[in-house]
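Overview (structure and organization)
Single-letter residue listing:
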Amino acid sequence: MKLEELRFGTELLKRGFASMQKGGVIMDVVNAEQAKIAEEAGAVAVMSLERVPSDIRKMGGVARMADPQKVIEIIEAVSIPVMGKVRIGHFVEAQVLETLGVDMIDESEVLTPADEQYHIDKKRFKVPFVCGARDLGEALRRINEGAAMIRTKGEAGTGNVVEAVRHMRNIMGEIRMLKGMDKQEMIDYARDIEAPAELVIECSERGRLPVVNFSAGGIATPSDAAMMMQLGADGVFVGSGIFKSTSPELMAKAIVDAVNHFNEPEVIARVSRGLGDAMPGLDIHTLRDDEVLQTRGR
Amino acid sequence: MDVKIGILALQGNVSEHIDAFVLALDRLDCGSSSAVVTVRHPADLEGCHALALPGGESTTISRLIDKNHLYEPIRNFSGGIFATCAGMVLIATHVDDARINTLNLIDMTVDRNAFGRQRESFETDIPIAGVDGGLFHAIFIRAPVATHAGAGVTVLSRLDQGIVAVEQGKHMALSFHPELGGDTRLHERFLKKIGV
């Protein structure tokens, strides 16, 4: 059968892809072997990157997109979607990942920003983007640039959930606050938070962001993941939390189960038993300003 | 009749399926006498006339069906099943991936990600047999196709790559996502088949 017109890379396809990830766990992996472990554990997708965030912290220097060879190996190793991280504003890294066949691009503050003024013009791409945000204004600016999915930033590589909680509470709380505003107040609020008024109004009407909203940045245990779900996340990204724990296979499965049963403490208790040590955590207050990743991009 | 529709809510785009069924039931003037509920445990299936298997990651959902002891209850479910995308993979008899514990409810062989990766996802208008009112706007996201359908299966639509819409008995399987487009003609056809 001849089809008249096939349309690729539309907003509906991008947001639709993101909505298929809901209720899922997306895991950071640095090679094919880790990707297989993640898939086996029930991850809905894997995020390919050169080093997990906690190693980026330790090693310092400029953190960039992963080696394309590694990305290809990961793509070939699994049948679930493969995402990839690029530096904020680095549209050529994004072009490269799109060419490789990556299913979603994470324009991520975890890598060293390439542009301190502009984010990538994501509407020019056929593949969907996910971007980090700390509050409603930041989330809506990214959506306005074409992000098909938001993840709250948290503070990656710390194994400390406190910032993930803060950012999810910010966004959910701001949306709840919109409920009590009339249209003029919302337009004024949109100006305050430097977000497009029509997107603020859309959030108010829907009672949520117009795109899927995951949690990220500091999730290290099944309880952390379930807490983020109870706070309103549509799903979670787990970075260093899996492959920096002492038993990655067990931790990965337990986090998938905890997200699936996020409202059932008895299940979370059962799956949390005997997992070995979670990744070592960092106290946020001990980080120097230049070690804080969440303030990159705004 | 009072009708109750369950949506399998283990992973995937559950809320879009709820919204689409609510809209379809409204359009059939059954909105007030119906309920759309989520299904996470075997007991949730009780009293349901139909079950939707949503889009999502089929390997993940298959694993969670087993873990939540839902495999036998879904296999033995007496109502109709409405399966889209990942759901079409799960409901088949044969799939090109041994990790999927297929439900064996529609006699067909399904290839996952048959069109390619996300950049090859597309939307287009397709003809569907038995659906009046012109072409159907179909949204294919890393979609599967059926490469073979058994004698008892009615093929409703086919593209060059394979079969994208089928019915067998009370069940319907689609490789695309009618729940994303606002067009409820396929939902309505399915609901009428189960007696709504």
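So, how was this worked out
- Residues numbered from 1 in each chain as written.
- Chains lettered and ligands numbered in written order.
- Predicted model: local features only at pLDDT ≥ 70, side-chain atom pairs only at ≥ 80, totals over all residues.
- Heavy atoms only, no water.
- Helix = DSSP H or I, 4+ residues; strand = E, 2+ residues; numbered from the N terminus.
- Rg over C-alpha atoms; globule rule 2.2 N^0.38 Å.
- Buried < 20%, exposed > 50% of the residue type's maximum accessible area, 1.4 Å probe, protein only.
- Contact = heavy atoms within 4.5 Å.
- Patch = residues over 30% accessible without salt bridge, like charges linked within 9 Å, V, L, I, M, F, W, Y side chains within 5 Å.
- Areas by Shrake-Rupley, 256 points an atom, 1.4 Å probe, with all protein chains shown as cover.
- Salt bridge = Lys/Arg side-chain N within 4 Å of Asp/Glu carboxyl O.
- Lys, Arg positive; Asp, Glu negative; His and termini not counted.
- Charge placed at Lys NZ, Arg CZ, Asp CG, Glu CD.
- Disulfide = S-S within 2.5 Å.
- Buried area = accessible area lost by both parts, 1.4 Å probe.
- Nonpolar A, V, L, I, M, F, W, Y, C, P; charged D, E, K, R; others polar.
- Pairing = 2+ DSSP bridges.
- Axes fitted to C-alpha atoms, helices over the stretch in contact; angles between N-to-C directions.
- Parallel < 35°, antiparallel > 145°, perpendicular 65-115°, else oblique.
- Left-handed = near helix turned anticlockwise from the far one by under 90°.
- Core = buried A, V, L, I, M, F, W, Y, C linked by side-chain atoms within 4.5 Å.
- pLDDT = per-residue confidence, 0-100.
- Phe/Tyr/Trp six-rings, centres within 6.5 Å; stacked < 30°, edge-to-face > 60°.

Remarks on the overall build of chain A
Counting secondary structure elements, chain A contains 13 helices and 9 strands. At 18 Å, chain A has a C-alpha radius of gyration in line with the 19 Å of a compact globule built from 298 residues. When its C-alpha atoms are laid out on the principal axes, chain A stretches across 55 × 50 × 45 Å. The buried share of chain A, taken over its 298 residues, is 61%. Pairs at least 24 apart in sequence give 68% of the contacts found in chain A among residues at least 6 apart.

Some remarks on a negative patch on the surface
Residue and element names in this part refer to chain A. Residues Glu50, Asp67, Glu73 and Glu76 make up a contiguous surface patch of negative charge. Inspection of the secondary structure assignment puts Glu76 in helix α4 (residues 68-77). According to the relative accessible area criterion, Glu76 is exposed, its value standing at 65%.

Here we look at the state of the cysteines
Working definition of a disulfide: a covalent bond connecting the sulfur atoms of two cysteines. Per the stated rule, a full pass over the model turns up 0 disulfides over all chains. Residue Cys30 of chain B stays outside any disulfide, its sulfur separated by 16 Å from that of Cys48 of chain B, the closest cysteine.

A word on the interface of chain A and chain B
Contact residues are listed per partner, giving 44 residues for chain A and 43 residues for chain B. Here chain A and chain B share an interface that buries about 3300 Å² over both sides, 49% of which is from carbon and sulfur atoms. Put simply, chain A and chain B have 8 salt bridges between them. A salt bridge links Asp257 of chain A to Arg63 of chain B; the shortest N-O distance between them is 3.8 Å. Within the residue set of the side of chain A that touches chain B, elements represented by two or more residues are β1 (7-8), α1 (11-20), α2 (32-41), α5 (91-100) and α12 (248-260) of chain A. A class-by-class count of the residues in the side of chain A that touches chain B yields 19 nonpolar, 13 polar and 12 charged. Alignment of β1 of chain A against strand β7 (residues 122-126) of chain B, held across 2 bridges, turns out to be antiparallel. Bridging from a neighbouring strand, Phe8 of chain A pairs with Phe122 of chain B of β7 of chain B.

Points about the side chain of Ser48 of chain A
Within the secondary structure, Ser48 of chain A sits in strand β3 (residues 45-48). For Ser48 of chain A, a relative accessible area of 2% translates into the label buried.

What about unusual backbone geometry?
Residue and element names in this part refer to chain B. For Asn104, which is not glycine, the phi dihedral falls at a positive 55°. With respect to the helices and strands, Asn104 occurs in the loop between β5 (92-95) and β6 (106-111). The exposure class of Asn104 is partly exposed, given its relative accessible area of 34%. Not every positive phi belongs to a glycine, and Arg142 is a case in point at roughly 40°. On the basis of relative accessibility, which here comes to 10%, the residue Arg142 falls in the buried class.

Focus on the pattern of salt bridges
One side chain can pair with another of opposite charge once the charged atoms of both are near each other. With the rule as written, the count across this model stands at 35 salt bridges over all chains. Residues Glu145 of chain A and Arg142 of chain A are paired through a salt bridge, measuring 2.8 Å at the closest nitrogen-oxygen approach. Separated by 3 residues within a single helix, Glu145 of chain A and Arg142 of chain A lie in helix α6 (residues 136-145), roughly one turn from each other. By sharing partners, the salt bridges in this structure join Glu39 of chain A together with Glu57, Asp97, Arg99 and Arg112 of chain B into a single network.

Let's talk about the packing of helix α10 (residues 222-230) of chain A against α12 of chain A
Residues and elements named next belong to chain A. The N-to-C vectors of α10 and α12 enclose an angle of 25°; their axes lie 8 Å apart at closest approach. Here α10 is positioned roughly parallel relative to α12, judged by the angle of their axes. Taken as a pair, α10 and α12 cross one another with a handedness that is right-handed. Residues Pro222, Ala225, Ala226 and Met229 of α10 form the contact with α12, whose own contacting residues are Met251, Ala254, Ile255, Ala258 and Val259. Across the contact of α10 with α12, the residue classes break down as 9 nonpolar, no polar and no charged.

Quick word on the sheet that holds β1 of chain A
With respect to topology, 3 strands assemble into an open sheet ordered β1(A)-β7(B)-β8(B), the strand pairing being antiparallel. Sheet topology places β1 of chain A together with β8 (136-140) of chain B at the edges, where each strand pairs with a single neighbour.

Structural notes on the nonpolar core
Counting 85 residues, the largest nonpolar core has Met228 of chain A together with Leu8 and Met108 of chain B as its most contacted members. Discounting residues that sit within four places of it in the chain, Met108 of chain B has contacts with Met88, Ile91, Ala92, Thr93, His94, Ala146, His148, Ala149, Val166 and Ala173 of chain B. By size, the runner-up hydrophobic cluster in this structure holds 34 residues, among which are Ala9, Leu25, Ile128 and Val145 of chain B.

Some thoughts on the confidence of the model for chain B
Per-residue pLDDT for chain B averages 96, and the proportion of residues at 70 or more is 99%. Reported confidences for the modelled complex are a pTM of 0.96 and an ipTM of 0.96.

So, the packing of aromatic side chains
Applying the stated criterion across every chain yields a total of 11 aromatic pairs over all chains. Ring plane angle 70° and centroid distance 6.2 Å describe the contact between Phe21 of chain B and Phe190 of chain B, whose orientation is recorded as edge-to-face. In this pair, Phe21 of chain B is assigned in helix α1 (residues 14-27) and Phe190 of chain B in helix α5 (residues 185-193), connecting sequence segments 169 residues apart. Judged by its relative accessible area of 2%, Phe190 of chain B is buried. Cluster of aromatic residues (ring-pair linked, three or more members): Phe8 of chain A together with Phe115, Phe122, Phe136, Phe140 and Phe176 of chain B.

As for α5 of chain B
All names here are of chain B. Those residues of α5 that sit buried are Arg185, Leu186, His187, Glu188, Phe190 and Leu191. Where α5 is buried, its residues contact β1 (3-8), α1, β3 (50-53), β4 (80-84), β8 and β12 (171-174). Gly195 sits one or two residues past α5 and shows a positive phi near 100°.

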